[in-house]
Amino acid sequence: MNRKTYCVLTIICLLVFSLQAICFAEAPARLPNVKILATGGTIAGSGATSTTTVGYTAAVAPVDALINNVPELKKIANVSGEQVAQIASENMTNEVWLTLAKRVNQLLAQDDVDGIVITHGTDTLEETAYFLNLVVKSNKPVVVVGSMRPPTAMSADGMLNLYRATILAGSKEAVGKGVLVMLNDTIHASRDVTKTITDRVDTFRAPEIGPLGFFTGDKPEFYRAPLRKHTTDTEFDISRLNALPRVDIVYHYANNTGVVIEALTQAGVKGIVHAGTGNGSIGKAEYPAIEAAQKKGVVIVRSARVGNGIVARNGEANDDKYNFVAGDNLNPQKARILLMLALTKTNNPQDIQRMFREY
């Protein structure tokens, strides 16, 4: 073989190997498409100084500013934003919940949306997340995120929380686990989590059951999955609802009477969650008002003000005799959400008790 032929063959071989490498090389991973829906809160807030961590103004920055404030988002997902509301979360309403839930379901039905992040104030974050957990009709990830410090504060937590919530919303690991809450590198089931501290970044905890997982660097690590029914497995459909049945919470304390229950009954409430002492105890002075309310069709759920533990059926009250619903281990604010949705289906206490066991 002469030198010229050898060179030609060598070039041909190199071209063949190069083409094979190109053909068999793994294509770059597709970035997930994540929609960020903003509702306001501290994560969109502003303080007077860099040390202002209380007394700031919530719900100032629009969603585009939140996204632009975290340029690293472009490396982990194709993100776009919508402003659903712009409120401090103590002002959250049933109407905003319905608007938000309907938009979430519309977006998740699209092939070009892989997951959703919802920015939210921390005061009622757990309530919005649990409501969505019961009415979202998709297995795609939905992650509710907030912050305890405004973006203007030193060591503000919102930007990193948003960054990691976006990773979570675009991850395969989060598929089918219901609506999640992600702050402080900790991943929680929306049913279990609650705000436990007024002003610290580690405020969101599930004291009895614990978190679902954690972030290790930029990777979500799950250690368990929620077992109670959620999202696609629930019976609740809000697609045609414009309002929710009125349900209020009555807090029990020493020397309590039935006057608040009487007032709520006169106001036309459809359900009452009784945040009782201990294991959901009801005071003797409250029973006449409760029985009068029940005669008008008001459903009574026994919950507990202590914040943890199961309210045992027929424990501190004769639930069978009085047609009460035992609230399981839901705190009063989440028991209210489940009761509202239950009342869109039935006002039968036995049927509603079944729902409290399942959800």
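Residues numbered from 1 in each chain as written. Predicted model: local features only at pLDDT ≥ 70, side-chain atom pairs only at ≥ 80, totals over all residues. Heavy atoms only, no water.

### Concerning the layout of surface pockets
And then number 1: Approximately 280 Å³ is the volume attributed to the largest pocket.
And then number 2: Broken down by element, the lining of the largest pocket gets its largest block of residues, three residues, from helix α6 (residues 158–169).
And then number 3: Looking at the lining of the largest pocket residue by residue, the classes come out as seven nonpolar, three polar and five charged. (1 Å grid on protein atoms, 1.4 Å probe; cavity = no way out; pocket = protein on both sides within 12 Å on 5 of 7 lines; lining within 4 Å. Points joined across faces, edges and corners; volume = space filled by probe spheres on them. Helix = DSSP H or I, 4+ residues; strand = E, 2+ residues; numbered from the N terminus. Nonpolar A, V, L, I, M, F, W, Y, C, P; charged D, E, K, R; others polar.)

### Concerning empty space enclosed by the protein
And then number 1: A full pass over the atoms with the stated rule returns four cavities of 30 Å³ or more.
And then number 2: Volume-wise, the largest cavity comes out at about 150 Å³.
And then number 3: Considering the residues around the largest cavity, the lining is formed by 14 residues, among which Arg-191, Asp-192, Gly-307, Asn-308 and Asn-329 are closest to the centre.
And then number 4: Of the residues that constitute the lining of the largest cavity, the class distribution is five nonpolar, five polar and four charged.
And then number 5: Considering only enclosed or pocket space, the second largest cavity measures out at about 60 Å³ in volume.
And then number 6: Lining the second largest cavity we find Ile-43, Leu-66, Asn-69, Val-70, Pro-151, Gly-158, Met-159 and Leu-162.
And then number 7: Among the elements that take part in the lining of the second largest cavity, α6 stands out by supplying three residues, more than any other.

### Thoughts on the pairing of strand β10 (residues 219–222)
And then number 1: Here four bridges tie strand β9 (residues 213–216) to β10, and the two strands are oriented antiparallel to one another. Looking at β10, one finds that Phe-214 is bridged to Glu-221.
And then number 2: Between the antiparallel neighbours β9 and β10 lie two residues, among them Gly-217 with a positive phi of about 65°. (Pairing = 2+ DSSP bridges.)

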